[in-house]
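# Remarks on the overall topology
Here are the chains, one letter per residue:
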Amino acid sequence: THPVLANCPDINQIIDWDEYQQQTDHVIIKRLIQLNADAILFIFTHGRLAKLAKLAGIPKRIATGQKLQNWKSCNHLVNISRRNSRLHEAQVNFKLLKPLGINQVIPTIQQLPNYMQFKSSSRLSPEIQQLLCQQRFNLIIHPGSNGHGREWNVFNFADLIQQLPIDRFNIFITGRNHEQQRFQADLIDKCPDAINLMDKMSLPEFIHFVAKCDGLIASGTGPLHLAAATDINTLGLFPPRNGINPTKWTPIGRRATYLV
C-alpha cells in the first residue's frame, strides 16, 4: 500500500509498520511517543499495535466495538458490523470518525469521489510510454486478482479481447509475474494483438501507466480501484455473492461502474 498512499496528497506522512514490527516493543513505544499523535484509528483490528499505542499514551484510540480484542487497548469503540452492513466499505469507515467529533451524514456512492485526492507522481519508462497510442482507446485488461477474489473466466476475457476492433482499441494485459503462467495458454497466446505487460512494471510505474490509459476492465481487485481513483473509464466485474459483490466493493470514481 505504500506506493498507493504516496500518491494521496492529503496524507502528510507514511509510517511503515513492516519496519516497526521488527523492533522490540520498547523501541516501538518510544517511536510512537515521538510521533506526538492525538489519535490512532484502527480500520481493522491490530492487537499488538493497539496495545503499544495504549502504552505510548496516544489519547484517542479508535476501533470497532465488535471485536473483544479492541476492548483491552482502545478507549473509543464504535458499533460497526462490516459483515452485516449494507454499506460500501468506504462508507462504513466514515462511522469511525464519530469519536473525532465528525458526525456528518455518510456520503453516497456518487459523493465519495469528492473526498478522494489521488495524483500519480511516478514517470513511465520510454519503453512503456511508446506503447500508448493516441489514435486508439488504450484499454487495460487485468484478468487476475492475486487470489483475492472471484475472477471472471479466462475464456470470457479472451473472447472479449478478440471481439474488440483492433483499429479502435490498443489492449494491454497486466498482472503479477506468477499469474503469467496461469494466463499464457488460454489468454495471452490466444490474443496476439494484445500487448502483454505482466510483471513489466513496478507498482509506482503501474499506477502512472493506469492513469495514462483510457480504461480498465478487471474483477474486484486492487487495480480496479486504482483505475477508478485515477478517474479513467473503469468497469468492474463482480459475482452475485455476499461479501464480494459491488454493494461493498464497487469501484469509487466519476467514470467507474460495474457489471454483476
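What this report covers is the structure whose coordinates are included nearby. (Residues numbered from 1 in each chain as written. Predicted model: local features only at pLDDT ≥ 70, side-chain atom pairs only at ≥ 80, totals over all residues. Heavy atoms only, no water.)

## What to know about the packing of helix α8 (residues 154-163) against helix α9 (residues 177-188)
It is at 9 Å that the axes of α8 and α9 come closest, and there the two elements cross at 45 degrees. The angle between α8 and α9 falls in the class oblique. Between α8 and α9 lies a crossing whose hand is right-handed. On α9, the residues touching Val154, Phe155, Phe157, Ala158 and Ile161 of α8 are Phe183, Asp186 and Leu187. (Axes fitted to C-alpha atoms, helices over the stretch in contact; angles between N-to-C directions. Helix = DSSP H or I, 4+ residues; strand = E, 2+ residues; numbered from the N terminus. Parallel < 35°, antiparallel > 145°, perpendicular 65-115°, else oblique. Left-handed = near helix turned anticlockwise from the far one by under 90°. Contact = heavy atoms within 4.5 Å.)

## Topic: the nonpolar core
Within the largest apolar cluster, 22 residues are counted, with the highest numbers of intra-cluster contacts made by Phe209 and Leu216. Only α10 (203-212), β7 (215-219) and α11 (222-229) provide two or more residues apiece to this core. Counting 18 residues, the second-largest nonpolar core is a separate cluster that includes Val154, Ile173, Phe183 and Ile188. (Core = buried A, V, L, I, M, F, W, Y, C linked by side-chain atoms within 4.5 Å. Buried < 20%, exposed > 50% of the residue type's maximum accessible area, 1.4 Å probe, protein only.)

## Describing the sheet that holds strand β8 (residues 233-237)
A sheet is described by the order of its strands in space; here six strands give the open sequence β6-β5-β4-β7-β8-β9, paired in parallel fashion. The sheet terminates laterally at β6 (195-196) and β9 (256-259), the two strands that pair on one side only. Looking at chain direction, strand β4 (residues 137-142) and β7 are connected through four bridges and run parallel. Directly across from Leu139, in β7, lies its bridge partner Gly215. (Pairing = 2+ DSSP bridges.)

## A word on the side chain of His88
Considering the arrangement of structural elements, one finds His88 in the loop between β3 (76-78) and α6 (89-94). Residue class for His88 comes out buried when judged on its relative accessible area of 4%. Among the polar contacts made by the side chain of His88, one reaches the main-chain amide nitrogen of Ala90 at a distance of 3.0 Å. Aside from chain neighbours lying at most four places away, what touches His88 is Ile109, Pro246, Thr247, Lys248, Trp249, Thr250 and Ile252. (Polar contact = N/O pair within 3.5 Å; in protein donor to acceptor, adjacent residues only side chain to side chain.)

None of the figures reported here should be taken as evidence of function without further support.
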